[in-house]
Amino acid sequence: MTTMMRREIDEIPQAVARLLDAGKDDISRAGRALAAHDPAVVVTVARGSSDHAAYFLKYAIELELGLPVASLGPSLASIYKAPLRLQRAAAFAVSQSGASPDIVAMLEGAKAGGALTLSLVNTTPSPLADTASIALNIQAGPEIAVAATKSYVNSIVAGLAVLSEWSGSDSLKKAVAALPDHLDNALALDWSVLVEPLVKAESLYMLGRGPALAIATEAALKCKETCELHAEAYSSAEVLHGPVSLVAESFPVIAFAARDKAEASIAETASGLVGKNANVYLTSDKGRGATILPFVETGHPLTDALALIVPYYGMVEMLSRARGFDPDKPAALKKVTETR
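Nothing here was measured: the structure is a model prediction, and the numbers come from that model. (Residues numbered from 1 in each chain as written. Predicted model: local features only at pLDDT ≥ 70, side-chain atom pairs only at ≥ 80, totals over all residues. Heavy atoms only, no water.)

A.B. asks: How should the overall build of the protein be read in this particular structure?
C.D. replies: Secondary structure summary: the protein contains 15 helices and ten strands in total. For 340 residues, the compact-globule estimate of 2.2 N^0.38 gives 20 Å, and the C-alpha radius of gyration of the protein, at 19 Å, lies within 12% of that figure. The proportion of buried residues among the 340 residues of the protein is 56%. Partitioning the contacts of the protein with sequence separation of at least 6, the portion at a separation of at least 24 is 77%. In the form shown here, the protein has an accessible surface area of approximately 13,600 Å², with 51% of it arising from carbon and sulfur atoms. Each charge class in the protein can be summarised by its mean position, and for the 30 positive and 37 negative side chains these summaries are 4 Å apart. (Helix = DSSP H or I, 4+ residues; strand = E, 2+ residues; numbered from the N terminus. Rg over C-alpha atoms; globule rule 2.2 N^0.38 Å. Buried < 20%, exposed > 50% of the residue type's maximum accessible area, 1.4 Å probe, protein only. Contact = heavy atoms within 4.5 Å. Areas by Shrake-Rupley, 256 points an atom, 1.4 Å probe, with all protein chains shown as cover. Lys, Arg positive; Asp, Glu negative; His and termini not counted. Charge placed at Lys NZ, Arg CZ, Asp CG, Glu CD.)

Shown next, in the form of structure tokens:
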């Protein structure tokens, strides 16, 4: 039987195409508003997979515009009631449901502090959409499986589309427009080589740098959520400052590398871990001794990184079932988590 998670993974290219078509006017409006506001800093508000989407957008904004981006802890507003001075800021809130009280409170606090606020939500109307200066429906469609997949991808695509309008980058606009076809190709990639070594694994590392590190953090969460398999995401540089001590013979490592300036660095670290007899898997052909995972080249480093999550999602759904779990209904989790 095909799981709901698998169906939703297969819907990703169509969901992205729907967003780019139905949301084009709102995307353009958001980009113009950000350009007019001309923020000196950007802050993000999110939790879970949505926070990993915000993490990806952090790198995208910093790389494209040179603006610093910081994540705000929602408890600043919901628990500590701390006022923030954000007159020269833009605030991005990302949420599948738009319903968590602490995320809503933090965006309200950012707005009260003077920030231009933008929400990326899959549910409109919703409290978060109602709070934002600009609400953008990410158009992922109903997502039933507890583990977010298409809403994660569409949140990033919505942010990248807005960024392309804000920055005026023709290369990013072109890459975003081509994503439905590239993600369709990514769906066909086979990462099943990972399943057998991970079925009985107890822990593994996910590595990356820049936008690929944001992909690694999402990959690690999905491992925990759907497979009850402990996974930690690290920068391929940071892993050498201590965590490498745990890498022993046959320890699994997945290194996410996009076609960008960090690819060689990630591949070098992965190759070094091969020397420790770890089981290393790498989305690059620049490494030595690692098992190469197939990847899609999209023509832009940001969309290259995003495309890596699609074959991973397909693999982790298979891994969940192979480990005896139902990926649609992870234990102790529910679709909408409301924290305060």
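A.B. asks: Is there a simple way to think about the side chain of Glu218 in this case?
C.D. replies: In this fold, Glu218 is placed in helix H12 (residues 211-227). In this structure the side chain of Glu218 is engaged in a polar contact, spanning 3.1 Å, whose partner is the side chain of His52. (Polar contact = N/O pair within 3.5 Å; in protein donor to acceptor, adjacent residues only side chain to side chain.)

A.B. asks: Before we go on, may I ask you to explain the pattern of salt bridges in this structure?
C.D. replies: A side chain with one charge can pair with a side chain of the opposite charge if their charged atoms come near. Across all of its chains, the model carries eleven salt bridges by this definition. Linking Lys222 and Glu225 is a salt bridge whose minimum nitrogen-to-oxygen distance equals 3.4 Å. Linking Lys222 with Glu225, this pair stays in helix H12, spanning three residues, or about one helical turn. For Glu225, a relative accessible area of 17% puts it in the buried group. (Salt bridge = Lys/Arg side-chain N within 4 Å of Asp/Glu carboxyl O.)

A.B. asks: What is the right way to read the packing of helix H2 (residues 12-22) against helix H10 (residues 179-187) from this model?
C.D. replies: Packed helices, taken two at a time, are described by the angle their axes make and the gap between the axes. At a minimum axis separation of 8 Å, H2 and H10 run at an interaxial angle of 170°. Looking at the two axes, H2 sits roughly antiparallel to H10. Between H2 and H10, the contacting residues are Ile12, Pro13, Val16, Ala17 and Leu20 on the first element and Leu179, Pro180, Leu183, Asp184 and Leu187 on the second. Taken together, the residues of the contact of H2 with H10 sort by class into nine nonpolar, no polar and one charged. (Axes fitted to C-alpha atoms, helices over the stretch in contact; angles between N-to-C directions. Parallel < 35°, antiparallel > 145°, perpendicular 65-115°, else oblique. Nonpolar A, V, L, I, M, F, W, Y, C, P; charged D, E, K, R; others polar.)

A.B. asks: So what exactly am I meant to see when it comes to helix H15 (residues 309-322) here?
C.D. replies: Taking 1.5 Å per residue, 14 residues should reach 20 Å; H15 reaches 20 Å between its end C-alpha atoms and fits that length. Counting buried positions along H15 gives eleven out of 14 residues, so the element sits mostly inside the fold. Of the residues one or two after H15, Gly324 is the one with positive phi, at around 90°. (Expected span 1.5 Å × (residues − 1).)

A.B. asks: I would appreciate a short explanation of the pairing of strand S3 (residues 89-95) in the present structure.
C.D. replies: Here is the key point about a regular strand: its side chains alternate between the two faces of the sheet. Most of S3 is tucked away: seven of the seven residues are buried. Side-chain alternation along S3 places Ala89, Ala91, Ala93 and Ser95 on one buried face and Ala90, Phe92 and Val94 on a second face that is also buried. Examined bridge by bridge, strand S1 (residues 41-45) and S3 share five bridges and lie parallel to one another. In the sheet register, Val45 faces S3, and the bridge partner there is Ala93. Each parallel crossover has a hand, and the one from S3 via helix H6 (residues 101-112) to strand S4 (residues 116-121) is right-handed. (Pairing = 2+ DSSP bridges. Right-handed = clockwise from strand over helix to strand, strands pointing away.)

A.B. asks: Which parts of the structure should I look at to understand the pairing of strand S8 (residues 252-255)?
C.D. replies: Here S8 shows no split at all, with Pro252 and Ile254 on one side and Val253 and Ala255 on the other all buried. A crossover links S8 with its parallel partner strand S9 (residues 279-282), the connecting element being helix H13 (residues 263-274), and its sense is right-handed.

A.B. asks: Which parts of the structure should I look at to understand the sheet that holds S4?
C.D. replies: Strand-to-strand pairing in sheets goes through backbone hydrogen bonds, with the strands running parallel or antiparallel. Ordered by their spatial adjacency, five strands build an open sheet running S2-S1-S3-S4-S5, and the pairing between neighbours is parallel. If you trace the sheet from one side to the other, it starts and ends with strand S2 (69-71) and strand S5 (134-137), each paired once. Pairwise comparison of adjacent strand axes, ignoring direction, gives a mean angle of 20° for this sheet. Contacts from helix H4 (residues 48-65) reach S1, S2, S3 and S4 within the one sheet, and its direction differs from that of S3 by about 145°.

A.B. asks: Just checking my understanding: could you explain the sheet that holds strand S7 (residues 230-235) for this structure?
C.D. replies: Taken together, five strands build an open sheet; the order of strands is S7-S6-S8-S9-S10 and the sheet is parallel. What marks the edges here is a single partner per strand, and that holds for S7 and strand S10 (291-292). Along the sheet, H13 makes contact with strand S6 (203-208), S8 and S9, crossing S9 at roughly 160°.

A.B. asks: Explanation requested: the environment of Leu240 in the structure shown.
C.D. replies: Counting through the fold element by element, Leu240 comes out in the loop between S7 and S8. C-alpha separation for the pair Leu240 and Lys224, spaced 16 residues apart in sequence, amounts to 23 Å.

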